[in-house]
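# Structural features, examined
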Amino acid sequence: MFKCKTSPEVGGMGHSVKRKEDARFLHGKGKFTDDVKLPGMLHMVIVRSPYAYAKILSINKEKALAIDGVLAVITGEDLAQYNLHWMPTLLSDSQMVLPTDTVMHQSQEVCAVIATDRYIAVDGAEAVDVQYEPMKALVDPYKALDKDAPLLRPDKEGQKDNHIYHWERGERAKTDAAIAAADVVVKERIYLPRIHVASIETCGVVASYDKDTEKMLIYLTSQAPHAIRTILALVAGHVGLSEEKIRIIAPDIGGGFGGKVPVYPGYVIAIAASFLIGKPVKWIEDRSENLVNGFARDYHMDCELAATKDGKIQAFKVSTLADHGYTDSSANPSKYPTGMFSICTGSYDYEHAFAELDAVYTNKAPGGVAYRCSFRVTEAVHAIERMVDKLAAEIGKDPAQLRFENFIKKEQFPYASPLGWSYDSGDYKQTLEKAMDMIGYADYKKEQAEKRAQGKLMGIGICTFTEVVGAGPSKDFDILGIKMFDSAEIRVHPTGKALARFGTKSQGQGHETTYAQILAEELGIPYTDIEIDEGDTDTAPYGLGTYASRSTPTAGAAAAIAARKLRDKGKKIAAHLLEVSEEDIEWEVGKYFVKGAPEKSKTIQDVAFAAYTNFPEGMEPGFEATHYYDPPNLTFPNGAYICVVEVEEETGAIDVKRFVAIDDCGNIINPMIVEGQIHGGLTQGIAPAMYEGIVYDDEGNVLNGTLMDYLVPTAVESPHWETGHTITPSPHHPLGAKGVAESPTVGAPPAIANAIIDALYPLGIKHLDIPITPDKVWDAIQVAKAKA
Amino acid sequence: MIPANFNYHKANTLKEAIALSQELGEEAKYMSGGHSLLPMMKLRFATPEHIIDISKIKGLSYIKEEGNLLKIGALTTQTELEHNPNLKENYPIFGDAVWLTADPSVRNCGTIGGNIAHGDAANDQPALMLALRATIIAEGVDGKKSIPIDDFFHGFYMTALEPGDILTEIQIPKTKKNSGGAYHKVERKVGDYATAGVAVHIELDDDGVCQEIGIGLTNVSAVPMRLERGEEILRGKKITDELIEQVGVIAGEDAEPESDLRGSEAYKRSIVNTITKRMLNKALERARK
């Protein structure tokens, strides 16, 4: 167990102190992008395509411009004059800012109306007359590579078909051979549909160009403001936007989850409009727009898992078809087009694995936007955890037992996975045992046997996942060439209070508290005396931002190391104040003292004051430190989740009776914040498992584009989450911590799917894709009964 | 999500509302709680030029028994239905339904009159009204009229209300001893419209013979639907498990659901069957108490 080194008042690691940011959020005093109001500010509303694939015949602005207060209607032709009608995506694809001739997915931006207020802008958008010639949309990714499929991206030089890229990892031949020779092989095609991020706050921007200073000030809902500034400078440099003239401020953010990483066309149009008009322009997505943009997942995975007849796993192979819509807008590290998907070998020790993926274009919204998935770990974990359960069912072995027999053992760490990762630490056996104890696994197995004898459907599902977060080491990880380090800059003021700035950006995770606690742990300054600041590119040190559970592994580590630099300087000052040599000074949280004479001491506050008032001769004054942290490895949190469900055969209704989640994220900084992240993530895990999924018709229309039909679960749908943890510190992180926030989103869906399918197994149902809804269950039961 | 321009008029009395409607003509819409109309306006599915707000008209919010009738004022909110002691005690079907309608903030504004007058088979109150054999009272240019519930629903968003008419009161035969009602709907998540819903009201005599029965179905047809064939099987008989089974099957057959995001047609028929049986049993249990 982790033992706190600091008092609750200092509030270092391990203390569940209340979140510093909550006072303003709970009082409704957060300052979000839509709260920004600038003098003379104009409002922008986007006209969107009703068709999934159509030629634009004409855009008539007349009626819109006739409305009092409508100032401009911006089209692709207008932007083309400045060569701003296309923009690059992070993975070297391209995306239209506004189209000049063709729309490629339903709800694509067609043109933008600028008006003196938002209501007028909406009326203006309604009045724009766009004539389309609809074309037959390509919706099914399996048909994308057919010979007669329309070539969706003739604009791309050398593009002969709708194939975007092929990716593979591992040894194909050896894996195939192992599968061919195995006693047992289970196969399944597993589909994870597109889902929405659906954050409470939609995306938006206020762009304000000052023609006199040539400065572009941008308030932006961005998880990665520094990276976006660099991208803007690269994309719009030719019209005169230079990086030192661009200031991005990401104010408070109401949920990001990956959806606020990309650059959306709306941002670019608003920025271009402000640049051209010279007035502030605000664009805030409405809920409907938010629900038609920003999709995650959409992987079709053909999985094969091979094992001996008594269940020793020997090989895993997965071939994936990825539907990227009309452009690959993944925000992945550049050497990882499929993100961390190669973590798909899971928590198990075996030799052979092969993963390959082909990405294709279709007439859907840009694909690959993340949703709390740690760069495709959700997909990877779903694949392996469903297959392990399928194997267990196939050979008639308890799925927990099968896992125990295949786990990577504690003493095998660091563990080199067959697809190239070096897992840092874990004790998978202990984590699963704890989950089984907590839920009473043996009793449920007994109860299940009794219920099955009565013809009742009860299921128990397990997921023992390994996550991979904290991108990442500079040798492998970059975005657009920028290495994925992150940063912390600490200034301790003369009175011993401090300001610390970071390259990351909180969207609700509680950085203002967590980072302050890390500094409290390292410096002994009470966390309440430390102000945390993020999101302003003019003031914060450069960093790659907050997504994929990377903030604690990267910026958190930077904070610890910067603090240690300060402590080293402080030691010299303390020695000066106490008139002893530096070697005679020792440190305990919050104070320096003379070795062997602890009554002779100086607090960190004394030392901070001296750094400005009474520093040793020759020393640089001030008490500040900065660190850019380049992690040596990623962190590999893990967890064991167990879910118990009952299914009503007559109606297909699913009742989640229990859900136990044991997480291991190494040393924990604030247990309450971690638990909160787990609760939210578990709810976002039950969402795709049982409720959410974008539904398209054959024409490429989204059928559930409102929150009436897109079913975001509420507290009512959420089972009582029972959480716990084991602690296996990361050996390479300065605090022994690992990222955690996405573990539950990654781990919950397979646990729930496994439980429901386990319940239905006696009827002969061996797999269902998520979301597993009552009507889907009922339909499957009818099919199974008809077969039987 | 921003409605088109409209003019807002507040009516203080029924008379004033009707006069306004007459003056403004067909482009005017009455609004009480607004929770059906406003979302349609925000999506620009509805673009009325004039809104006549009737929510502040005095004297249209009440729940009272007079003679043989339970009378509910049209502006009574869903929340008031939920918490009324008499309804809780003697008409628990209202509690069943309101608890499943939307969410508390919608129920604080949404009125029973609006829920019925909207003419949407997906709303919950129409099925209750059919089961309870309600009479709808409306006032218009030509004065007061009384419309039996069976004549009220005409089509998708279409009712017997004529332009200018305001639904003012719902009259329901007062509950007798040995009577009971129940409502349930299957919903995909809390606050959802029904995948399918069933309202049942039963009156038994002292020997347990079914004297009166009403069964209304939610969201399985274009128009709120009464299950007449099922009612006939039970009326005048001692209700047995076999009869309930039979009515369930009929409900599944007579419903007219369509496949959509809430499920396949077959699934919905099966749900109607199951819920009909469960509500018959629940209503019977309440009637026998």
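All of these numbers come straight from a predicted model, not from anything done at the bench.

## With respect to the overall build of chain A
Summing up its helical and strand segments, chain A has 18 helices and 34 strands in all. Here the C-alpha radius of gyration of chain A, 27 Å, is about what a compact globule of 788 residues would show, namely 28 Å. Dimensions along the principal axes, computed over C-alpha positions, put chain A at roughly 90 × 75 × 50 Å. The 788 residues of chain A split such that 58% are buried. Contacts spanning at least 24 positions in sequence make up 80% of the contacts within chain A whose residues lie at least 6 apart.

## Re the confidence of the model for chain B
Detailed conclusions should not be drawn from predicted coordinates in areas where pLDDT is low. The share of residues in chain B with pLDDT of 70 or more is 100%, and the mean pLDDT across the chain is 96. Scoring of the predicted complex yields 0.97 for pTM and 0.96 for ipTM.

## Considerations on the nonpolar core
The tendency in soluble globular proteins is for nonpolar side chains to be buried as a group. Residues and elements named next belong to chain A. Counting 334 residues, the largest nonpolar core has Met44, Val113, Ile114, Leu519, Ala559, Ile642 and Ile756 as the members making the most contacts within it. For this core, the leading source of residues is helix α14 (residues 551–578), giving eleven residues. Excluding residues that lie within four positions of it along the chain, Ile114 makes contacts with Leu42, Met44, Leu71, Ala72, Ile74, Ala121, Ala273 and Val281.

## Considerations on the sheet that holds strand β11 (residues 179–186) of chain B
Residues and elements named next belong to chain B. The antiparallel open sheet is built from four strands, whose spatial order is β11-β12-β13-β14. If you trace the sheet from one side to the other, it starts and ends with β11 and β14 (225–226), each paired once. Here helix α8 (residues 125–132) sits on the sheet and contacts β11, β12 (196–204), β13 (210–218) and β14; the angle it forms with β13, its principal contact strand, is near 165°.

## Overview of the packing of helix α9 (residues 377–395) of chain A against helix α10 (residues 399–406) of chain A
Residues and elements named next belong to chain A. Look at α9 against α10: their axes get within 9 Å of each other, and the N-to-C directions meet at 115°. One way to sum up the angle between α9 and α10 is to call them roughly perpendicular. Relative to α10, α9 is oriented so that their crossing is right-handed. Facing α9, whose interface residues are Val388, Asp389, Leu391 and Ala392, α10 presents Pro399, Leu402 and Arg403. Tallied by class, residues from the contact of α9 with α10 come to five nonpolar, no polar and two charged.

## Looking at the domain arrangement of chain B
Residues and elements named next belong to chain B. Domain boundaries assigned for chain B yield domain 1 (7–53), domain 2 (63–173) and domain 3 (179–288). Taking the mean C-alpha position of each, domain 2 and domain 3 sit 19 Å from one another. Across the contact, 23 residues belong to domain 2 and 25 residues belong to domain 3. Elements with a minimum of two residues in the side of domain 2 that touches domain 3: α5 (92–100), α8 and β8 (153–155). For the side of domain 2 that touches domain 3, the element with the most residues is α8, which contributes seven residues.

## Observations concerning the UniProt feature "domain: FAD-binding PCMH-type" (unreviewed entry) in chain B
Sequence positions flagged by UniProt for "domain: FAD-binding PCMH-type" (unreviewed entry) are, in local numbering, residues 1–177 of chain B. Helix makes up 33% of residues 1–177 of chain B and strand 26%. Its end C-alpha atoms lie 49 Å apart.

## What to know about the domain arrangement of chain A
All names here are of chain A. Examined at the domain level, chain A breaks down into domain 1 (22–30 + 486–629), domain 2 (33–135 + 199–290) and domain 3 (295–471 + 633–787). For domain 2 versus domain 3, the separation of C-alpha centres amounts to 37 Å. Contact with domain 2, which involves 19 residues of that partner, is made by 27 residues of domain 3. Breaking the side of domain 2 that touches domain 3 down by element, the ones donating at least two residues are β5 (94–96) and α8 (287–290).

## Looking at the sheet that holds strand β26 (residues 498–502) of chain A
All names here are of chain A. An order of β27-β26-β25-β31 is seen for the four strands of this open sheet, with the pairing classed as mixed. With one partner strand each, in any of the chains shown, β27 (530–534) and β31 (624–629) form the two edges of the open sheet. Strand after strand, the sheet turns through a mean of 15° between neighbouring axes, direction not considered. Packed on one face of the sheet, α14 meets β25 (486–492), β26 and β31 and runs near 40° to β25.

## Comments concerning helix α10 (residues 241–254) of chain B
Helical geometry: 3.6 residues make up each α-helical turn, so side chains three or four residues apart lie on a common side. Residue and element names in this part refer to chain B. The first and last C-alpha atoms of α10 sit 20 Å apart over 14 residues, in line with the 20 Å expected at 1.5 Å per residue. Burial in α10 covers these residues: Ile244, Val247, Gly248, Ile250, Ala251 and Gly252. Elements that come into contact with the buried residues of α10 comprise α9 (228–234) and α11 (265–288).

## Quick notes on the interface of chain B and chain A
Contact residues are listed per partner, giving 13 residues for chain B and 21 residues for chain A. Residue contributions to the side of chain B that touches chain A peak at four residues, all from α11(B). Partitioned by chemical class, the residues of the side of chain B that touches chain A number seven nonpolar, four polar and two charged.

## What about the environment of B:Ala196?
All names here are of chain B. Among the structural elements, Ala196 can be located in strand β12. For Ala196, a count of 28 C-beta atoms within 10 Å corresponds to the buried category. Once residues lying within four places of it in the same chain are set aside, the contact partners of Ala196 are Lys185, Val186, Thr218, Asn219, Val220, Pro257, Lys268, Ile271, Val272 and Ile275.

Criteria and thresholds
Residues numbered from 1 in each chain as written. Chains lettered and ligands numbered in written order. Predicted model: local features only at pLDDT ≥ 70, side-chain atom pairs only at ≥ 80, totals over all residues. Helix = DSSP H or I, 4+ residues; strand = E, 2+ residues; numbered from the N terminus. Rg over C-alpha atoms; globule rule 2.2 N^0.38 Å. Buried ≥ 20, exposed ≤ 12 C-beta atoms within 10 Å, placed from the backbone. Contact = placed C-beta atoms within 7 Å. pLDDT = per-residue confidence, 0-100. Core = buried A, V, L, I, M, F, W, Y, C linked by C-beta atoms within 7 Å. Pairing = 2+ DSSP bridges. Axes fitted to C-alpha atoms, helices over the stretch in contact; angles between N-to-C directions. Parallel < 35°, antiparallel > 145°, perpendicular 65-115°, else oblique. Left-handed = near helix turned anticlockwise from the far one by under 90°. Nonpolar A, V, L, I, M, F, W, Y, C, P; charged D, E, K, R; others polar. Domains from an automatic or database assignment. UniProt positions renumbered as here; feature names shortened; annotations may be inferred. Expected span 1.5 Å × (residues − 1).

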